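Next come the chains, spelled out residue by residue.
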Amino acid sequence: MINPTQTPIRSICLVRLSALGDVLMFVPLIRTLQYYLPEAKLTWVISRPSYDLVENLDGVEFIVIDKPNGIRSYWDFKRSMSARTFDVLIAAQACYRANFLYPCIQAKRKIGYDRVRAKDFHWLFIDEAISAGCDHTLDGFLKFAEHLGISRHRIAWDIPRSEEDNAWANQHLKLCKRPILLINPASSKPERTWLIEHYISVIRTVQEKWGVTVILTGGPTAYDREVADQILQSVTCIDLVGKTKPKQLLAVIAGADLMLCPDTGPSHMAVAVGTPVIALHAVTSSWVSGPYTFRKLAIDYYPTAIQKILNTTKEKNIWGTHAHGKNTMALIPLEDVLDKLAKVLFVGHCEKI
């Protein structure tokens, strides 16, 4: 499981600032390191609002920073870290903002991404790189553990929620008729949001044909609100968009029977609490960024999108290539989604990979 010839590791600094879904996919790496390197102290550099979701994760010291914005931000961070030296730095974010943090952290080893996944000259800021591959994002994170000699993994989350968060969710769910379907219609990137008219058709069908309770969820942004309001002009359902704190939403998802959403953070929240999720993918591949334990439930039109949007028959690097376009998500047919919903709700087809 662990290479016994390696120098003992007593301290690890991990940098993953955002985004919400990536931070959730990062947690199994934390659990793997905790299990197989129990003597190592873990320090996670992170930003809000991602921190609000993983706050109080056991056995982890958090350093919460604002996303760097200018030279002064890096200088202040360097000063705050000047008295500390780590055995290992795991540089698990490859972008300019994160890359310039790495010289501010003193570590005997600095491990980052391979050239396939490295962006914004990431390789200049690290000493070692994980093995190359076009893995699922979560598997890519676990390669940092493999690089440290850990050959087995702990696919676990166990994100703590307060009694107040659970009570808040229960208050909103306890009178709902089962089954409860959560629909998180908007993605933080609008091009990944499915068609409004299709969401409306799904809601009408599951309510009228199957008696399903539908709850809309979403973040506090104006875009989330706009998408929800467009849907609510045509159908009636419970509206929790912008009304939940991160762990309240996690508790709501844990209490639901099923979630439907595009490629967005709540997809990975569902995975973390074991709630089946039907994720809609076309701009990205579900085998790279889809809900890890429910990828077989994903509806994935990425292969079609790379043909019709990117005008190619095969994409060599699905990890880093997106089928950008305002019409990409229109490739996902309404009928496919309704068929999948029927199978999951009434056949119990919620198998994991």
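Everything that follows concerns the structure shown earlier in this document.
A few points on the structure.

Rules used throughout
Residues numbered from 1 in each chain as written. Predicted model: local features only at pLDDT ≥ 70, side-chain atom pairs only at ≥ 80, totals over all residues. Heavy atoms only, no water. Axes fitted to C-alpha atoms, helices over the stretch in contact; angles between N-to-C directions. Helix = DSSP H or I, 4+ residues; strand = E, 2+ residues; numbered from the N terminus. Parallel < 35°, antiparallel > 145°, perpendicular 65-115°, else oblique. Left-handed = near helix turned anticlockwise from the far one by under 90°. Contact = heavy atoms within 4.5 Å. Nonpolar A, V, L, I, M, F, W, Y, C, P; charged D, E, K, R; others polar. Phe/Tyr/Trp six-rings, centres within 6.5 Å; stacked < 30°, edge-to-face > 60°. Buried < 20%, exposed > 50% of the residue type's maximum accessible area, 1.4 Å probe, protein only. Lys NZ or Arg CZ within 6 Å of the ring centre and 35° of its normal.

1. Looking at the packing of helix α9 (residues 246-255) against helix α10 (residues 265-273)
Right, on to step 1. Between α9 and α10, whose axes approach to 9 Å, the crossing angle comes to 60°. With respect to their mutual orientation, α9 and α10 come out oblique. The chirality of how α9 crosses α10 is right-handed. In this structure, α9 contributes P246, L249, L250, I253 and A254 to the contact, and α10 contributes P266, M269, A270 and V273.
Right, on to step 2. Considered class by class, the residues forming the contact of α9 with α10 number nine nonpolar, no polar and no charged.

2. Some thoughts on the packing of aromatic side chains
Right, on to step 1. Going through the model one piece at a time under the given rule, you end up with twelve aromatic pairs.
Right, on to step 2. Measuring from ring centre to ring centre gives 5.3 Å for W194 and Y199, while their planes differ by 90°; the resulting arrangement is edge-to-face. A single burial state applies to W194 and to Y199, both of which are buried.
Right, on to step 3. Chaining the aromatic ring pairs together yields one cluster made of F26, W44, Y51, F62 and F141.
Right, on to step 4. Over the face of the ring belonging to W123 we find R115, whose NZ or CZ atom lies 4.1 Å from the ring centre.
Right, on to step 5. Just above the ring of Y292 sits the side chain of R295; from NZ or CZ to the centre is 4.5 Å.

3. Concerning the environment of L310
Right, on to step 1. With respect to the secondary-structure elements, L310 resides in the loop between α12 (302-308) and α13 (334-347).
Right, on to step 2. Looking at L310, the relative accessible area reads 31%, which means it is partly exposed.
Right, on to step 3. Residues L310 and Q106, spaced 204 residues apart in sequence, show a C-alpha to C-alpha distance of 42 Å.

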